[in-house]
Amino acid sequence: MKKINMLSLVQAYSSLKEDSYASFLQHYGLEIKDEEIEDIACLANILNDLTNDTSIFDKFYVGYKIPQIGKEFDLLRFGNECAINIEIKRNSTEEKIKKQLVRNKYYLSYIGKRIYGFTFVSDTGQLYFLNSEGHLDKVDVSYLEELLSKQGNDGAENIDDLFNPSDYLVSPFNSTKKFIDNQYFLTLQQEEVKNKIMQSINSANTANFISVTGSAGTGKTLLIYDLAKDLREGNQKSLIIHCGYLNGGQEKLIENGWEITSIRSYAKYELSNYVVIIIDEAQRLYPHQLEKIVEKIKSINGNCIFSYDQQQTLSKHEAASDIDAKISNINSIIAYQLSEKVRTNKEIATFIKMLFNKKRNLSLSSKGNIELNYFNSIEDAKGYLESLNGDEWEVLRFTPSQYANEHHEKYSDPSSKNSHEVIGQEFDGVAVMLDKYFSYESGGELIYTGSVYYQPTKMLFQNITRARKKLNLVIIDNEELLSRCLSILS
């Protein structure tokens, strides 16, 4: 998207022929409705009557959306020390205006500049301003004109570089305080799914089954925990059954009154005492556990939500159980799928797709978020991993077998988190190891030829998709894999 002069946009709309106007919008990367241009024109005309300084109309981003998030801003203008956001409405209520400006300020706060948020209502000509105390004030348009004239230009050419999508997905597990303090927002897709689920819960008079699926990074966990928070605030009890080890974030939530249990201990709870039963990482359920839970929910006419990613199985029996199909076959189940990847850095996501299939070639814009380190010596690799800054990197290992020693244990630190322990979690920087037993089959798929109990390719996928911003691949005595990684990044 390119910056544009607001007056230029308005006058192009009013004077150009249809084909020329379409080409004009395409040049600037704009998708805007005619009525939106007309509302912007109302503001532009008022500003134009106040000043002869036409520079105040210059360098606006119109209809910008944060990548992956989908959060849109009507008008954005960046200066050396501040950013000005102007939302344009034909009509609205003060409650809705304030809610939008508060949300906008949250998203813009990460760019490190002072934020001025306005909403202009074209029907009334009224301008609203969100002040520093978070209150909504009615202000004269001359206040906006003065700010624009003094703002100055910061010279930033690529607006996407100002935003890191992973900043906006707060994890209930790894950013627990922010989650508890409501310092986050859901994406539009998450909100839509959540609202439909809440309506279904509140209107159900028989057993109600719901599934929420999506690949890694789509925000399933935040969605269901946010839903549980709303239920708590409405004095509606919910029980979260986590199909894995409880992590530190969940323990903090339990200390704050949440009812969360591992699947191993769920039988201690009387499910009829809860309005909603939420089962997270449901792909790891045993068939007999699923059958018992479904039977109980039916007997009490309860509400049950299954949240899972069918790709995130770690053992052969989990994959063979095909819990996804069994959940999908529950009578009258309502299914929702999250498709927008929020947490995953696009560079890392694209890299992962090509790492796991040698024949897949995608466009990858390398921005330095992926590091490669190669060692021929296991001891040197271990030394390197031990030297990594714990504040910057979370070193993740494979889950070892309880029954036999496995090759990956030679280079793994037992104090590091394993694949089962990080289910549902995320970290800014993740370091993973790839040893000599990884290779590619004739069809191009990544495989593992060593003897193991849990599936290494599944564990690698689990570990590697925990990364929000940076990924460090430590390759040990595997020239084939190193060559593939280098070719991807080149």
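Residues numbered from 1 in each chain as written. Predicted model: local features only at pLDDT ≥ 70, side-chain atom pairs only at ≥ 80, totals over all residues. Heavy atoms only, no water.

Colleague: Is there a simple way to think about the pattern of salt bridges in this case?
Modeller: Oppositely charged side chains can form a pair if their charged atoms are brought close together. Taken as a whole and assessed by the stated rule, the structure comprises 16 salt bridges. Across the pair Glu 94 and Lys 138 runs a salt bridge whose closest N-O atoms are separated by 4.0 Å. Here Lys 138 lies in strand S6 (residues 136–139) and Glu 94 lies in helix H4 (residues 94–108), a separation of 44 residues in the sequence. Taking the relative accessible area as the measure of exposure, Glu 94 reaches 42% and is therefore partly exposed. For Lys 138, a relative accessible area of 55% gives the class exposed. Note that Glu 259 is salt-bridged to Lys 237, the shortest N-O span being 3.6 Å. Here Glu 259, found in the loop between helix H9 (248–255) and strand S9 (260–262), pairs with Lys 237, found in the loop between helix H8 (220–233) and strand S8 (238–242); they are 22 residues apart in sequence, far enough to count as distant. Judged by relative accessible area, Lys 237 falls into the partly exposed class, the value being 40%. In this structure, a network of salt bridges that share partners links the residues Glu 38, Asp 39 and Arg 90. (Salt bridge = Lys/Arg side-chain N within 4 Å of Asp/Glu carboxyl O. Helix = DSSP H or I, 4+ residues; strand = E, 2+ residues; numbered from the N terminus. Buried < 20%, exposed > 50% of the residue type's maximum accessible area, 1.4 Å probe, protein only.)

Colleague: Please clarify how the nonpolar core should be interpreted in this entry.
Modeller: A general tendency of soluble globular proteins is for nonpolar side chains to be buried together. Formed by 46 residues in total, the largest nonpolar core has its most connected members in Phe 351 and Leu 355. Apart from residues no more than four positions distant in its own chain, Leu 355 is found in contact with Tyr 440, Leu 446, Ile 464, Leu 481, Cys 485 and Ile 488. (Core = buried A, V, L, I, M, F, W, Y, C linked by side-chain atoms within 4.5 Å. Contact = heavy atoms within 4.5 Å.)

Colleague: Honestly, the packing of helix H1 (residues 6–15) against helix H2 (residues 18–28) in this entry has me stumped. Any pointers?
Modeller: For any two helices packed against each other, one specifies the inter-axial angle together with the distance between the axes. Axis separation between H1 and H2 bottoms out at 9 Å; the angle between their running directions is 155°. Considered as vectors, H1 and H2 are oriented roughly antiparallel to each other. Between H1, through Ser 8, Leu 9, Ala 12 and Tyr 13, and H2, the contact on the second element is made entirely by Tyr 21, Phe 24 and Leu 25. Here the contact of H1 with H2 is built from residues that sort into six nonpolar, one polar and no charged. (Axes fitted to C-alpha atoms, helices over the stretch in contact; angles between N-to-C directions. Parallel < 35°, antiparallel > 145°, perpendicular 65-115°, else oblique. Nonpolar A, V, L, I, M, F, W, Y, C, P; charged D, E, K, R; others polar.)

Colleague: In this structure, what is going on with the packing of helix H13 (residues 346–355) against helix H16 (residues 479–489)? I would like to understand it.
Modeller: H16 packs onto H13 with a crossing angle of 140° between their chain directions and a minimal axis gap of 10 Å. In this view, H13 runs oblique relative to H16, as classed from their interaxial angle. Seen along the crossing, H13 lies across H16 with a hand that is right-handed. Here Phe 351, Met 354 and Leu 355 of H13 come into contact with H16, specifically with Leu 481, Arg 484, Cys 485, Ile 488 and Leu 489. (Left-handed = near helix turned anticlockwise from the far one by under 90°.)

Colleague: Even after reading the chapter, I still don't get the sheet that holds strand S5 (residues 126–130), so can you show me in this structure?
Modeller: What holds strands together in a sheet is hydrogen bonding between their backbones, with the strands either parallel or antiparallel. With respect to topology, six strands assemble into an open sheet ordered S1-S2-S3-S4-S5-S6, the strand pairing being mixed. Of all the strands in the sheet, the pair left with one neighbour each is strand S1 (61–65) and S6. Across this sheet, the average inter-strand angle for adjacent strands is 35°, counted without regard to direction. The pairing of S5 with S6 spans four bridges and is classified as antiparallel. Directly across from Tyr 128, in S6, lies its bridge partner Lys 138. (Pairing = 2+ DSSP bridges.)

Colleague: Sorry if this is basic, but what is going on with the pairing of strand S11 (residues 303–308) here?
Modeller: In the case of a regular strand, side chains alternate between the two sheet surfaces. Of all the six residues making up S11, six are buried; the element is thus mostly covered by neighbouring parts of the structure. Residues Asn 303, Ile 305 and Ser 307 point to one face of S11 and Cys 304, Phe 306 and Tyr 308 to the other, with burial holding for every one of them. With six bridges joining them, strand S7 (residues 208–213) and S11 adopt parallel strand pairing. Counted as the bridge partner of Phe 209 is Cys 304 from S11. Sheet topology note: the strand S10 (residues 276–280)/S11 ladder contains five bridges and is parallel.

Colleague: How should I be thinking about the sheet that holds strand S16 (residues 427–434) in this particular structure?
Modeller: Taken together, five strands build an open sheet; the order of strands is S13-S19-S16-S14-S15 and the sheet is parallel. Pairing within the sheet leaves two strands with one partner each, and these edge strands are strand S13 (370–375) and strand S15 (417–418). Inspection of the sheet shows S13 paired to strand S19 (residues 467–476) by six bridges, in the parallel sense. From the neighbouring strand, Ile 370 faces S19, where its bridge partner is Leu 471. Sitting on the sheet, helix H15 (residues 456–464) is in contact with strand S14 (394–397), S16 and S19, with an inclination near 155° to S16. Across the sheet, H16 touches S13, S16 and S19, and the angle it forms with S13 is around 155°.

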